[in-house]
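An overview of the molecular structure
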Amino acid sequence: DQQVKQNSPSLSVQEGRISILNCDYTNSMFDYFLWYKKYPAEGPTFLISISSIKDKNEDGRFTVFLNKSAKHLSLHIVPSQPGDSAVYFCAAIIRGGADGLTFGKGTHLIIQP
Amino acid sequence: GAGVSQSPSNKVTEKGKDVELRCDPISGHTALYWYRQSLGQGLEFLIYFQGNSAPDKSGLPSDRFSAERTGGSVSTLTIQRTQQEDSAVYLCASSLYRAAYEQYFGPGTRLTVT
């Protein structure tokens, strides 16, 4: 039973436009959320995170939005650049819990020139 | 500074053999995590260490899997009597301490059981 879901296996966006990656979760105990980016043959790289007490966190071109009532978060990348082409993973954790991060299956973002 | 390193980067083994996977966390990071990614799947959490102790081993897939960490640094994940379903990329991550939830990942070990 997947607790973190990324329903779009892939997404194609034109360079310079906004990329929006979506993530849904089912476990209401999750209280911290993260986005990771992964290139082939490399480990995931931390991008940005958000606590459940916030609804938005911004870092440069990356913004994460959290809608707790809908159990939904999204990552916005503006403007999209060719180097953003990668697989993006959404992850969640219960702070103070005994587990590691729970990941979605990822969305492959392709930035077209 | 140096990131998380893992060895070997690739391992091909015959079914039934034992394998050892090694992880060197970022210096000074007290928390260490093991995950695996099977083909087409997300990352699956296996176990974490705070210092040398693992509070909860229930995430390990079977009793053929074991992990240890010595000196608060290097960790080894051992899989005994490997099976084909163990084929995956095994990823190690570390964080400054347990409550620092941003984890930094190594490049992974790709394990293939033939």
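Residues numbered from 1 in each chain as written. Chains lettered and ligands numbered in written order. Predicted model: local features only at pLDDT ≥ 70, side-chain atom pairs only at ≥ 80, totals over all residues. Heavy atoms only, no water.

**Some thoughts on the overall build of chain B**
Helices and strands together make up the secondary structure of chain B, namely zero helices and 10 strands. What you see in chain B, going N to C, is helices and strands ordered as β-β-β-β-β-β-β-β-β-β. Here the C-alpha radius of gyration of chain B, 13 Å, is about what a compact globule of 114 residues would show, namely 13 Å. Each principal axis of the C-alpha atoms in chain B carries an extent, and together these give about 35 × 25 × 25 Å. (Helix = DSSP H or I, 4+ residues; strand = E, 2+ residues; numbered from the N terminus. Rg over C-alpha atoms; globule rule 2.2 N^0.38 Å.)

**As for the interface of chain B and chain A**
Each side of the interface is counted separately: chain B has 18 residues, and chain A has 22 residues. Where chain B abuts chain A, roughly 1,600 Å² becomes buried across the two surfaces, and 58% of that area is made up of carbon and sulfur atoms. Interface area lost by chain B to chain A is led by B:Leu43, B:Tyr101 and B:Glu102, which between them contribute 36%. Applying the counting rule to chain B against chain A returns zero salt bridges. (Contact = heavy atoms within 4.5 Å. Buried area = accessible area lost by both parts, 1.4 Å probe. Salt bridge = Lys/Arg side-chain N within 4 Å of Asp/Glu carboxyl O.)

**A few points about the sheet that holds strand S1 (residues 4-5) of chain A**
As summarised here, the arrangement of the five strands in space is S1-S3-S8-S7-S6 (chain A), forming an open sheet in which the pairing is antiparallel. The open sheet terminates on both sides in strands that have one partner only, identified here as S1 and strand S6 (56-59) of chain A. (Pairing = 2+ DSSP bridges.)

**Some details on a nonpolar patch on the surface**
Side chains of A:Ile18, A:Ile20 and A:Val78 sit close together on the surface and give an oily, nonpolar patch of about 220 Å² of accessible area. Take A:Ile18: it is sitting in the loop between strand S2 (10-14) and strand S3 (19-25). (Patch = residues over 30% accessible without salt bridge, like charges linked within 9 Å, V, L, I, M, F, W, Y side chains within 5 Å. Areas by Shrake-Rupley, 256 points an atom, 1.4 Å probe, with all protein chains shown as cover.)

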